[in-house]
Amino acid sequence: MSNGFDAEILQDFLTESGELLEQLEGDLVVLESSPQDPDLLNQIFRALHTIKGSASFLALTNLVEIAHSAESALNAARNGQILVDQGAMDLLLQAVDILKEQFEQLTNGEPLTKAKQSLINGLSRLGEGIQDGATSAASNSSSESAPTAQAALTSTSNCPDVRPVELDGPQTDLFEFLIADVNESMAQLNKEYEIALNPETRVQGCEQIVETSEALTKALEFFEFGAMSGLSTLLNRACSAIPELPDDVQAKVLIRVVAMMQVMQNQADGLGSGEMRNWSTQEFSEQIEALIDGEGFEGTEPGANAEAPEEFLEAIGINLSGTGVSTSTKATNESPEQAPQSTKQAVESPAGFGTSASDTSDDTDAASGSVESKSGVRAPAAAVEQTIRVDVSRLETLMNLVGELVLQKNRISAISRQLASSMDVETAEIIGTAADSLDRVTGDIQSSVMRTRMQPLDKIFGKYPRLIRDLSRKTGKNIDLVIEGGDTEVDKSVIDKLADPLVHLLRNSADHGVEMPEDRVANGKSDTGTIKLKASHEGSYVQVLVADDGKGLNRDKLLKKAFERTLVTPEQAETMSDNEVYQLIFHPGFSTAEQVSDLSGRGVGMDVVRSNIAKIKGTIDLTSTPGKGTELAIKIPLTIAIMPAMMVAVQHETYAIPLGNILEIVRPTPEQLSTIREHPVLRLRDEMLPLFNAEEVFGLPSSDAPPQYAVVLALGDRRLGLMVTKPIGQQEIVIKSLDENANTENGSVSGATVRDDGGVSLIVDIAGLFKLASSAVGAEQLERKEQAATVAA
C-alpha cells in the first residue's frame, strides 16, 4: 500500500473494522423496520464512527469520505432531523456496498474506489436534515441558535502558547473531518456530563464519557495535537475512576472534569480557527491524579459547586474571560451518538493504531496536560483486553496436531489392551490406568482446541437480512426474515462451507415459496410472507432450518417435469409418496421455473446444495405442505476433522462408517432378504430397504461366505442397508483427505483414517452410497423404458 503502514496494522484494521461492517449491514436492515429505535441508531452510528476513525489514521481518504457522509446522515436520524425511510436506507446500503468494495480492494492491495459524487451528495443532504427535497422542522429549528454548551471560546489573550496548525500529507486531506469529529465529541461530552452530575446516573454518565473521550483521543493523536489529546486522556482517566471514589472526592473531581472540558472546548475552537492552543495544565493534572490516588495536595479548592468551575480555572492561571461554558445547557441536535451504557465493546478502533498521548508530540509534557502522575507512573488503561486474535492457519496446525495426538492415544489404548493378557495383574493395571489418563487428557485437549475454532452462526446469518431485503424489492413481494439461534456455534470450516448453500435456499424460498401479496391475501394469508432461519444443537450435530409460509411444493407440477426428463414413469408415480416426489428437486438440472431469470430457472442449485452439504458430512431433508409452506432441515456435525465411527470388517479389510449415520446393525434372517426387480432389499419391520453388498461396493472379489451383518444407514429421511462381514467396534477417527486422483470406488469413499492398530482404513461416504442407490434405480428405469420401446416396435 502506498500509505506506508505496516501490513500487520492494515490487517488489524481489515479484521476489526470488517467485523463491524458485517454487523452494520444487518443492523441497517433491521433499522428500516424500526427507524426510530435510539439504541439501534446509536449502535450503527458508533460502528461507522469507529470505522471512519481507524481509516483516518491510515489516511484512507476515499474510505473516510463515504463513511463520514453516511455517519452524518445517521446523526441526523438520531437527532430527529430525518426519518430513515426506504429512500434513505437505499443510500445507506449503497454506502455499505462501497465500503465493502473498498475493504476488498485493501485486501488485494488495489487503489480505493471513490464513491460516486451523487451518493456523497445524497447522504450529505440527509446529514443536513434535507429529505425528499424538504427541510425538516427539526433542521430549521436547530440552525436558529447555537446552544451555550457549544459557545465559541475565542479568547486567546491569556493563552501562553498559540501557534498555527501545521499539517502535511494525509493530515491535510482529513483535517475537515477531524474538526467535525471534535465538535461532535465536545457536544456529546457536555451532554454526558449532565448525566454524570446526577448521583443516580453517575456511573452511566462516566462510562459514556470514557467511551467518547477514548475515540476523541485516537483522532487527536493521529494529527499529533498533543495538548488536547493529553487532556482527553486525562478526562478518560478521571471518569474511569469517579465511580469508585468516595462521594466528597467525586464532587471535587467533577469540578475539574467540567473545567477540563471548558479548556478542551477552547482548544477545539482554536483548531477551527487554525490555531493550536496549549494551556499550562500541570497543576490541573497533578490535582486530579492526587484525588484519584487518595492523596492530599496543596492548591486551589473552590468548593463543591460544579456549576461554576471558572473560579477554579482562574485560580490555576487559566482565564477564559467571557467565554465560560454552562454545563447545564441542553445538548444540541448536532450532538453525536448517545454512547452505549455498557462497558467498552470489543469491536472498537484497533488497539495500537496510535501511540499514547505522551508519545505523539513534544507538546505532551508536564506543561501541556500529561496523564502521568507525580511519581511518573502512567495511569492504567480504562479496560483490560480479554481476547487475542490468532491467525486461522495456526488453529489449523493445532487441530492437525490434536488429530495426530488422538491417533497415538488410540494406538496406546490398543497396545495396553494387547499387553494386558501377557502381564501380571499389577503391571497391567498400572498400564491401563496410564492409558485411561492419556485418553481423558487427550479428550480434554481435543475439546478445548475445537472450542477455539467454534464460531457463532451469526457470522453468516447476519448477511442474510440484506439478501432478503434486496430479493423482496426485486420480486415485488413483502418478505420478513426471522432469525433464531444465531448464537449456535460450529467449527469455522463448517461455517465457511455452509454460507453458499443457505444463500441458495433463501433465494429459493423468496422466489419459489413466498407468493405475491395479492395471491396471499386471496388465500386468506397476510400480504407479508415469512422466512424463518433457525439453528439449534442436537447432540454432536447442529440443525439449521429454512422454512417459509408460502405456497408449498406442487406434486403434479413436479411430476410433470419429472416425466419430461424421464426421471420417473407414470406407473412409478402412482406408488410414490408426496415426500418421495418432493425429493425430485434434488436431481441435477431439475427446475420448475417457467422462465430463466437472474434468480432461478437454470436447473443449477438444489443438487449442488445437497452435494456441498454432503462434503461437510451433513444431510438435508425436505418437507412441504401445499398452501402452507416448505421446510428444509440441514443437519451438520459440529466439526468435520474428528468424528466417532463404527469400524466394520469387509472380508479382511476394515472400513470406517460415520456413527451419526448408523441407525442400527442387524443380522438378517433368510426370510428378511429378498429382491425387487433384481435389486436386493432388506425387509425390516414392514419397511423395504435397498440393500448393498460391501464387497461389490468397494470392488473386492466375492468371498465364499457372504457378509452376515447389515448396517442400516440414514441420510435425511432415506434408508438403506450395507452388508458387511462383521462389526468391530466404535473408534474416534481423524479424517485424512485422499488424493484427487485416488480411486474412490464409485464415489463411496470420502477419506481415510489411521486405526488404533496402526493400519489405514477407508471412510465410507454415506452420501456417495445413496447417490449410487439412486443411480442404480435410474439405470433400471432407463433399461425398462428401452425394453418397452423395443417391444412396441
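Residues numbered from 1 in each chain as written. Predicted model: local features only at pLDDT ≥ 70, side-chain atom pairs only at ≥ 80, totals over all residues. Heavy atoms only, no water.

S.K.: Looking at this model, I keep getting lost on the environment of lysine 477. Mind explaining?
M.R.: Inspection of the secondary structure puts lysine 477 in the loop between helix H17 (464–475) and strand S6 (478–484). It is 7.8 Å that separates the C-alpha atoms of lysine 477 and valine 514, two residues lying 37 residues apart in sequence. Residues contacting lysine 477, with those up to four places away along its chain left out, are Ser472, Ala510, Asp511, Val514, Glu515, Met516 and Pro517. (Helix = DSSP H or I, 4+ residues; strand = E, 2+ residues; numbered from the N terminus. Contact = heavy atoms within 4.5 Å.)

S.K.: Looking at this structure, how should I read the side chain of asparagine 508?
M.R.: Structurally, asparagine 508 is set in helix H18 (residues 492–513). The buried category is assigned to asparagine 508, whose relative accessible area is 18%. (Buried < 20%, exposed > 50% of the residue type's maximum accessible area, 1.4 Å probe, protein only.)

S.K.: I tried to follow the confidence of the model for the protein chain on my own but got confused; where do I start?
M.R.: Predicted coordinates in regions of low pLDDT should not be interpreted in detail. For the protein chain, per-residue confidence averages 76 on the pLDDT scale, and residues scoring 70 or more make up 78% of the total. Scored below 50 in pLDDT, residues 133–160 shows 61 contacts in the model against residues more than four places distant or in partner chains. For the stretch residues 302–307, pLDDT sits under 50, and the model shows 15 contacts to residues farther than four places along the chain or on other chains. (pLDDT = per-residue confidence, 0-100.)

S.K.: Quick question: what am I supposed to make of the sheet that holds S6 here?
M.R.: Working definition: the strands of a sheet are paired by backbone hydrogen bonds and lie parallel or antiparallel to each other. Taken together, five strands build an open sheet; the order of strands is S6-S8-S9-S11-S10 and the sheet is mixed. In this open sheet, the two strands that pair with only one neighbour each are S6 and strand S10 (619–625). Taking each pair of neighbouring strands and ignoring which way they run, the sheet shows an average axis angle of 15°. In terms of strand pairing, strand S8 (residues 528–538) meets strand S9 (residues 541–548) through eight bridges, oriented antiparallel. Among the inter-strand pairings, lysine 534 is bridged to a residue of S9, identified as leucine 545. (Pairing = 2+ DSSP bridges. Axes fitted to C-alpha atoms, helices over the stretch in contact; angles between N-to-C directions.)

S.K.: Explanation requested: unusual backbone geometry in the structure shown.
M.R.: Leave glycine aside and you will find that most residues have negative phi; peptide bonds, for their part, are mostly trans. Residues other than glycine seldom take positive phi values, yet arginine 685 does so here, at roughly 50°. Mapped onto the elements, arginine 685 comes out in the loop between strand S16 (679–684) and strand S17 (687–693). The exposed category is assigned to arginine 685, whose relative accessible area is 61%. The backbone phi angle of aspartate 686 is positive, close to 65°, even though this residue is not glycine. Considering the arrangement of structural elements, one finds aspartate 686 in the loop between S16 and S17. Classification of aspartate 686 by relative accessible area gives exposed; the value is 78%.

S.K.: Just checking my understanding: could you explain the pairing of strand S21 (residues 749–754) for this structure?
M.R.: Each regular strand displays side chains that alternate between the two surfaces of the sheet. Pairing geometry for S21 and strand S22 (residues 760–764), over five bridges, is antiparallel. Bridge pairing in S22 places valine 749 opposite valine 764. The antiparallel hairpin formed by S21 and S22 contains five residues in its connecting segment, where glycine 758 sits at a positive phi of about 95°.

S.K.: Got a minute to help me understand the pattern of salt bridges in this structure?
M.R.: Once their charged atoms are close, side chains differing in charge can pair, the charge on each being opposite to the other. Overall, the coordinates contain 26 salt bridges when judged by the stated rule. Glutamate 211 is the salt-bridge partner of arginine 46, the closest N and O atoms lying 3.2 Å from each other. Taken as a pair, arginine 46 in helix H2 (residues 38–57) and glutamate 211 in helix H8 (residues 202–222) lie far apart in primary sequence, 165 residues in all. Of the two residues, arginine 46 and glutamate 211, neither departs from the other in class, the shared state being buried. Between aspartate 470 and arginine 466 there is a salt bridge whose closest N-O contact spans 3.2 Å. Remark: arginine 466 and aspartate 470 occur in helix H17; sequence separation between them is four residues, near one turn of the helix. Assessed through its relative accessible area of 33%, aspartate 470 is described here as partly exposed. A residue is classified by how much of its surface remains accessible, and arginine 466, at 10% relative accessible area, is buried. Among the ionic contacts, a cluster of salt bridges with common partners joins Glu25, Glu32, Asp90, Asp97, Lys100, Arg466, Arg469, Asp470 and Arg473. (Salt bridge = Lys/Arg side-chain N within 4 Å of Asp/Glu carboxyl O.)

S.K.: Before we go on, may I ask you to explain the nonpolar core in this structure?
M.R.: In globular proteins that are soluble, nonpolar side chains generally tend to be buried together. Counting residues in hydrophobic clusters, the biggest one holds 96 residues, and the most contacted among them are Phe13 and Leu63. Per-element tally for this core: the top contributor is helix H10 (residues 247–272), with 13 residues. Counting residues in each nonpolar core, the second largest holds 50 residues, with Ala499, Leu502, Leu505 and Met576 among its members. (Core = buried A, V, L, I, M, F, W, Y, C linked by side-chain atoms within 4.5 Å.)

S.K.: Would you take a moment to explain the sheet that holds S22 for this structure?
M.R.: Taken in spatial order, the five strands line up as S20-S12-S13-S22-S21 in an open sheet, and their pairing is mixed. The strands lining the two open edges of the sheet, one partner per strand, are strand S20 (726–734) and S21. Between one strand axis and the next, the sheet turns through 35° on average, direction left out of account. Relative to S22, strand S13 (residues 653–658) runs parallel, the two sharing two bridges. For alanine 656, the partnering residue across the bridge sits in S22 and is isoleucine 763. Set on the sheet, helix H14 (residues 392–420) makes contact with strand S12 (642–650), S20 and S21; between it and S20 the angle comes to about 145°.

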